[in-house]
Amino acid sequence: MTVTEKAESLEKKKKGGFRETVLLLITGIGIALLLQAFVVGSFYIPSESMENTLKINDRVFVNKLAGPPERGDIVVFKGWNGEDTIKRVIGVGGDQVKCCDSKRRITINGKPLDESSYLYPEDFPSGDKFDVKVPPGKLWMMGDHRSASADSRSHTEGPGGGFISVDDVIGTAVVRYWPLGRGTIFTKPDSFAQVE
């Protein structure tokens, strides 16, 4: 093989390797975009309404294929103002959600809900009294930092009576991945099993 032939062969290998790299890069970006659109989303926490569970600047991954939200799930949804919002599901369709009983606890279908595992320290379950029946296909949403959360309670006078449609749910938060030191997988509080 002559020097010219060796140079041409080397040039073809370089072009093939570059094309392969570009193709792999485009394929990877395409897969990432599909996952972002249909399977997993990343969301930034802009407010204190879910403290201490989620703090300002935390980031979470949301499972968009998790199925219908259940009581206790933390979900991202199209909020009352049309923006992405994150809150905890307290009541689902058919539930009677009331605040508060004689011990200042929220009740679901007449059963008291123990919120001590996630409620912001020294916060009460609600400063506002309410008694709502959640319509089918709707959710009653509340932040964990109740005194700093504009949630279903704050929107009872608006369209929809403060309820959020299940169809407006983007996905269920499954893990806090940022900051790294506070990374955690979210599980449903055991107290919700007591009210089912």
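Residues numbered from 1 in each chain as written. Predicted model: local features only at pLDDT ≥ 70, side-chain atom pairs only at ≥ 80, totals over all residues. Heavy atoms only, no water.

### Comments concerning the overall build of the protein
The cut-off we apply is this: The numbering of helices and of strands both runs from the N terminus, where a helix is a DSSP run of H or I of at least 4 residues and a strand a run of E of at least 2. Using a 1.4 Å probe on the protein chains alone, a residue whose accessible area is under 20% of its type maximum counts as buried, one over 50% counts as exposed, and one in between counts as partly exposed. Only heavy atoms matter for contacts: two residues are in contact if any of them lie within 4.5 Å across the pair. All accessible areas in this document rest on Shrake-Rupley with a 1.4 Å probe, and a residue is counted as covered only by the protein chains that are shown.
In terms of regular secondary structure, the protein is built from one helix and twelve strands. Each helix and strand of the protein, ordered N terminal to C terminal, gives the series α-β-β-β-β-β-β-β-β-β-β-β-β. The proportion of buried residues among the 196 residues of the protein is 36%. A fraction of 63% describes how many contacts in the protein between residues 6 or more apart in sequence connect residues 24 or more apart. As displayed, the protein has an accessible area near 11,500 Å², and 57% of this comes from carbon and sulfur atoms.

### Some details on the pattern of salt bridges
Two side chains that carry opposite charge are able to pair once their charged atoms sit near each other. For clarity, the threshold we go by: By convention in these notes, a salt bridge is any Lys or Arg side-chain nitrogen within 4 Å of a carboxyl oxygen on Asp or Glu.
For the coordinates displayed, the defined rule picks out nine salt bridges. Between Arg-176 and Asp-58 there is a salt bridge, with the nearest N and O atoms lying 3.7 Å from each other. Here Arg-176, found in strand E11 (residues 169-178), pairs with Asp-58, found in the loop between strand E1 (40-44) and strand E2 (59-63); they are 118 residues apart in sequence, far enough to count as distant. Residue classification places Arg-176 among the buried positions, given a relative accessible area of 8%. Classification of Asp-58 as buried rests on a relative accessible area of 2%. The shortest N-O distance in the salt bridge between Arg-88 and Asp-144 comes to 2.8 Å. In this pair, Arg-88 is assigned in strand E4 (residues 84-92) and Asp-144 in the loop between strand E9 (138-142) and strand E10 (164-165), connecting sequence segments 56 residues apart. Judged by relative accessible area, Arg-88 falls into the buried class, the value being 3%.

### Describing the state of the cysteines
The line we're drawing: Here, two cysteine sulfur atoms that lie within 2.5 Å of each other are counted as a disulfide.
In this structure the tally under the stated criterion is one disulfide. Between the sulfur atoms of Cys-99 and its disulfide partner Cys-100 the distance amounts to 1.8 Å. Judged by the sign of its S-S torsion, about -55°, the bond between Cys-99 and Cys-100 is left-handed. Judged by its relative accessible area of 26%, Cys-100 falls in the partly exposed class.

### Quick notes on the confidence of the model for the protein
Just so we agree on the cut-off: The predictor attaches a confidence to each residue, called pLDDT, with possible values from 0 through 100.
Scored by pLDDT, the protein has a mean of 87; 83% of the residues are at 70 or more. Of all helices and strands in the protein, the one with the weakest mean pLDDT is helix H1 (residues 3-38) (62), whereas E9 scores best (98).

### A short note on unusual backbone geometry
Leaving glycine aside, a negative phi is the common case for residues, and trans is the common case for peptide bonds. In this model, Glu-51 is joined to Asn-52 through a cis peptide bond whose omega is 0°. Tracing the sequence through the fold places Asn-52 in the loop between E1 and E2. The step from Trp-178 to Pro-179 runs through a cis peptide bond, and the omega angle for that step is 0°. Secondary-structure assignment places Pro-179 in the loop between E11 and strand E12 (184-185).

### Observations concerning a nonpolar patch on the surface
Here is the rule we go by: Patches in this entry comprise residues that are over 30% relatively accessible and not in a salt bridge; like charges within 9 Å are linked, as are nonpolar side chains (Val, Leu, Ile, Met, Phe, Trp, Tyr) within 5 Å.
Judged by side-chain polarity, Phe-18, Val-22 and Ile-26 come together as a nonpolar surface patch covering roughly 310 Å² of accessible area. Of note, Phe-18 is situated in helix H1.

### Examining the sheet that holds strand E8 (residues 130-133)
Basically, it comes down to this: When DSSP locates at least two bridges between a pair of strands, those strands are taken to pair.
Ordered by their spatial adjacency, four strands build an open sheet running E7-E6-E5-E8, and the pairing between neighbours is antiparallel. A single partner strand is all that each edge strand has here, and the edge strands are strand E7 (111-112) and E8.

### Quick look at the environment of Cys-100
Note that Cys-100 resides in the loop between strand E5 (96-99) and strand E6 (106-108). Residues Cys-100 and Phe-124, spaced 24 residues apart in sequence, show a C-alpha to C-alpha distance of 10.0 Å. The contact partners of Cys-100, leaving out residues within four places of it in the chain, are Arg-105, Ile-106 and Ser-126.

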